[in-house]
Structure formats: C-alpha cells, structure tokens
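Listed below are the residues making up each chain.
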2 protein chains.
Amino acid sequence: MVALPPDFDVNETLLSRIRIVMVHTTHPGNIGSAARAMKTMGLSRLYLVRPEHFPHADATALASGAADLLDKAVVVDSLDEALQGVGWVVGTSARLRHIPWPRLDARQAALQVVTECAGHHLDVAILFGREDRGLTNEELQRCHVHLEIPTNPDYSVLNVAAAMQVVCYEIRMAWLAANTRPDGDAVQMLLPRVEWDEPLVSQDLMQQFYQHMEQVFRAVGFLDVEHPGPMLVRMQRLFQRTRLDRLEYNLFRGFFKDVLKMTNRNAPHQSSQQRNPR
Amino acid sequence: MVALPPDFDVNETLLSRIRIVMVHTTHPGNIGSAARAMKTMGLSRLYLVRPEHFPHADATALASGAADLLDKAVVVDSLDEALQGVGWVVGTSARLRHIPWPRLDARQAALQVVTECAGHHLDVAILFGREDRGLTNEELQRCHVHLEIPTNPDYSVLNVAAAMQVVCYEIRMAWLAANTRPDGDAVQMLLPRVEWDEPLVSQDLMQQFYQHMEQVFRAVGFLDVEHPGPMLVRMQRLFQRTRLDRLEYNLFRGFFKDVLKMTNRNAPHQSSQQRNPR
C-alpha cells in the first residue's frame, strides 16, 4: 500500500505526474498507438524526443479517441529537456547491458512509480526507446531503474505499442490499489514509506553534479583519460541508485569546489585549470 | 499462490493447454498482432472462428516472428467447434450485460486460468470478440466468467490486439508465479531482483572508508572543524543506504588518495599533513 498524505487527492494528481517519454520514435503510428494505450489507462502526458515524423496522419489515425494526447504532446530536442523537473526515471529495456543496473519487472516498477508520485513532489518519467534498438547505453544510464516485461525467452520482441500497453496497464493496476484500498492490506508492508527530511534533487541538477564530479576527477589526476567511460558510468550508477537529497547534493558540490580550489592553487595538471566548476 | 500437483510439469504442459479464440475478426492485421502478443508471452494455440480474411498478408506482416502461430492456427466455422475439449471458458468483455455474470479482472482471471490448467486435464479457452461489438450475448453466455480489463472510464476502448497483449501478459505472470516460486509468498515477488556484478563491501571496510573520507574533507578545508558531526553523519547515511560494491569502494579510495596526494604537494593546511590515508 502506498502511504498517501491525508489531503492527497490521488484521483486528480497522481497519474498526471507521470510522463511517458518516447525517444527517437521512427513510426508515427506507434506514437498514436502509445497515446491510445496511455489514455485507456488514464495517463495523459506524452513527451516526444526528436520523433522522426510528428505530427503525422498515421499517429492521429491510430490514436483514435486519444488524439487529444497528441495535441498536448511535448516535442523536445533532447532527453535532458524531457527530464526537466523529473525526480525518478524508469527505462524500459529488454536487454541486459554489460554493467548491471537495478532491474524491476513491470509490476514492481509500476508500484514504485505510484509510490514515488505519492511520496515526492517531482514528476516520474518512463522512457521508451527506438523501435529497432531501444534506448542507448547513455540513455539507460540516466535511469534509476530498468523495467523489464517478462517474456518468452524464445521470442521476446514486444513492439513499443505493446510494451506501452502493458506498462500503462500495470500503472493503472497499482494506482487502483493505492486508490481504492486506502486502509491497506498486505501490499502496504511491501512499499517503503518515504519519510525524508530533505527533498530529493531533480535529474537536471544531477547532470550538473556529474559534470562537476568529472571535472574534479580530472583535476586531481584520478580519471583515466584513455578510458574515462567505465569509471564515470560506475559512479553514475552509484548516485542514481542512491538518489541524493538537496543537502547531500549541496555538500558534495561544496566539497568538489574545495578540491578544485586546492588543485588550482597547486595546478600540476594544466588541462584542469582551463575549466571552471560552473 | 497456485497449488500444483507435485508431478505436474508446468514448463511443458500448462501454457500449451490455453486456447486463444478470436471470434469473427474483421481485420487480418489484428490476427497477426494477436499471434505476436501470444508468442511473446509463451502461448501458442490460436483458434479463429470464421475470420473475415485469413490467411492474409497483413496478418503475416504484423505477426512478425510469430508467423508460425498463424500456420498452426485452427480455423473453424463455429464457436462450438473451437470449444471442443475445453473445460473452462473465459469471455473478454468491456461491457456489462443486462444479466450479471461472474466477472474477474485480467489478473484474477489469469490466476484462475493457470489454476484450471493445473488442476484439470481439459483445455481452457479465452474468447476475444469482433472489433466493433465484441462478443454477442449468446457467446458470453457460453463462458464461465467474464474478464474485464480495468480502464479509464472516460476512454475505455482497448483494441483487440492491446487487450490480447494485456491478457497474455497476465497469464504469463501467473504462470511464472506458479512455476518459479511454488513455496513463495507475495513479498518475494515484489522485491527488486538485483543481479550485481560486484560483491558488496563489508561494514568494517566501510569504517575505513569513512575515516579516509573525513581525512580528505579536512585536507581540502571542506569540513567545518567547529561542527564536523552533522555533515559526516549525512554522508554516512548516504553511503549506508547505497551500499557500495567493491569496485565502487576501490574507486572512491583511489580518488581519496589522489586528492590527498595533491593536497600534500600543496599543503596549505598543515594539520592535514600529519595524517596518512592508511
């Protein structure tokens, strides 16, 4: 059971805090099917990161009675823009990447989505990738968890509209459980109640954090300039699963500044001098 | 939890006892999408009662890698024929009929389907009706229960392929629960599955980690020497909830050493010189 504040109007608010983000979708028909899948389950906020063709007659045709979601869809140039103001990011992925990331099945992820929306003031985003190859490693690394729909190992290729339908359905099921059983049952014990003293920071701030951290790593000569990627990805995974609150974030940023001040005073690494924390 | 007979080979038998029956389907593309939805979830037995057009290129195209289900599909002239040898019948229906019938949501129905297959030797059939008006009253009256997918009351029109995907998905989820956790409970299923590539570090190593971190904070002048406590506690809370793996731990320790090397070279804080990382 999701613990909701007593004055929380779950009907009005919760589902509208969920963004469905389609990244580089090729076929406009899939955007239309996605809108229909969303609306049948009560979701309404569609973000499109550089869709190949949009608006498009195929999208409108397949949206059927959900064409209003297409009219309201937010079209952006980058994932960064789609994640402005978002606190928790779920990436849909059928594939295991070489660095394991926290994974949930669709049901677990949907429960967590509803919990996040109930417990924090920030939006939640669920990312759906390209038809042919899904989300890139970089995009998956922006996520807190990866969502996997259990499928037949001999034939696991759900298309994006089918995956969208399952995920939106599970969100509705989780929301109905939170909504219709306010006094709770066994589910209540399974969802951690979030009682924190500081608000969590949004993902756009975390991007600044990662840049600052990389700068510090370079300045002290810690980063392997030949192979910076794996180590930075490891650090990103660590902080994504941790989720910094505002005070922790400010502490780290202050620490990074102090290290850079120190290295600039000393400056054995010329390259690091060129860069400024902000 | 579904109770299975001890000698029941759930892998081989159960899903193959489930028939998906499409009644008077108009658009062959929907038959193809249905085959794909079925196969992604491990179902294989498709029955078609007087389809408008079948076989058809649209069906094959939308089936994608599930075209083998179309080849094996059983095309019959009447619902009676499709239900030969069937012990339990589920009718999908978005509409309430004037005579109330036992109704289950998709999740409850899927659990019941798996239970029926496990407990009896007869097949189970799930009926999907016409695109425009679903199943007739006569067809619905052939069913033991009616299955309803919870939808947004303002827009409840799932198309047949989307409904098929949700129902097949729920059957797979129920089957997985029966299959993989015969002794299991709900709690286990809701815990995120973490398959990690590195072992977590022990708490005694973490104590060394915190000492090292404090030393670094002092060395760069970050720590408030008047009130060091709260900040260190915050950092400790952060890393305790994160639980570092060995690689992450080693990365941080390496970073701390590099910072200390740098500050020792520069050494504006005399006090920090006295201390050594280990």
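In this report, the structure presented in the accompanying data block is examined.

Basis of the calculations
Residues numbered from 1 in each chain as written. Chains lettered and ligands numbered in written order. Predicted model: local features only at pLDDT ≥ 70, side-chain atom pairs only at ≥ 80, totals over all residues. Heavy atoms only, no water. Pairing = 2+ DSSP bridges. Helix = DSSP H or I, 4+ residues; strand = E, 2+ residues; numbered from the N terminus. Axes fitted to C-alpha atoms, helices over the stretch in contact; angles between N-to-C directions. Contact = heavy atoms within 4.5 Å. Buried area = accessible area lost by both parts, 1.4 Å probe. Salt bridge = Lys/Arg side-chain N within 4 Å of Asp/Glu carboxyl O. Phe/Tyr/Trp six-rings, centres within 6.5 Å; stacked < 30°, edge-to-face > 60°. Buried < 20%, exposed > 50% of the residue type's maximum accessible area, 1.4 Å probe, protein only. Lys NZ or Arg CZ within 6 Å of the ring centre and 35° of its normal. Core = buried A, V, L, I, M, F, W, Y, C linked by side-chain atoms within 4.5 Å.

1. Concerning the sheet that holds strand β2 (residues 45-49) of chain B
All names here are of chain B. Sheet architecture is open: 7 strands sit in the order β3-β2-β1-β6-β4-β7-β5, paired in parallel fashion. Two strands bound the open sheet, and with one partner strand each, they are β3 (74-76) and β5 (103-105). Neighbour to neighbour, the strand axes of the sheet diverge by 30° on average, direction disregarded. In the sheet, strand β4 (residues 86-92) pairs with strand β7 (residues 145-148) via 3 bridges, with the strands oriented parallel. Across the sheet, the residue bridging to Gly91 is His146, located in β7.

2. Re the interface of chain B and chain A
On the chain A side, the residues contacting the 70 residues of chain B number 74 residues. Summing the contributions of chain B and of chain A, the shared interface buries around 6,200 Å²; its carbon and sulfur component is 65%. Considering only the side of chain B, the residues that lose the most area to chain A are Tyr155, Phe255 and Met262 of chain B, jointly responsible for 11% of the buried surface there. Linking chain B with chain A are 5 salt bridges.

3. Topic: the packing of aromatic side chains
According to the stated counting rule, one finds 25 aromatic pairs over all chains in the structure shown. Considering the side-chain rings of Phe252 of chain A and Phe256 of chain A, the 5.9 Å spacing of their centres and the 45° angle between planes classify their relative orientation as tilted. Pair noted here: Phe252 of chain A and Phe256 of chain A are both in helix α12 (residues 246-266), with a separation of 4 residues, about one helical turn. Residues Phe252 of chain A and Phe256 of chain A agree in their burial class; the two are buried. Positioned over the ring face of Tyr155 of chain B is Lys39 of chain A, at 5.1 Å from the centre of the ring.

4. With respect to the nonpolar core
Among soluble globular proteins, nonpolar side chains are generally buried collectively. Among the nonpolar cores identified, the biggest contains 102 residues, and Ile149 of chain A together with Ile149 of chain B are the most heavily contacted of them. Those residues in contact with Ile149 of chain A, other than ones at most four positions away along the chain, are Ala106, Leu158, Ala163, Val166 and Val167 of chain A together with Met41 and Tyr169 of chain B. Grouped together as the second largest cluster of nonpolar side chains are 50 residues, Phe239 of chain A together with Tyr210, Ala219 and Leu260 of chain B included.

5. Topic: the pairing of strand β1 (residues 18-23) of chain B
Residues and elements named next belong to chain B. Counted residue by residue, β1 has 6 buried out of 6 residues, so it is predominantly covered. The alternating pattern of β1 places Ile18, Ile20 and Met22 and Arg19, Val21 and Val23 on opposite faces, both of which are buried. Strand direction decides the pairing type here: β1 and strand β6 (residues 123-128), joined by 5 bridges, are parallel. Residue pairing across strands places Ile18 opposite Val124, the latter belonging to β6. With 5 bridges connecting them, β1 and β2 associate as parallel partners.

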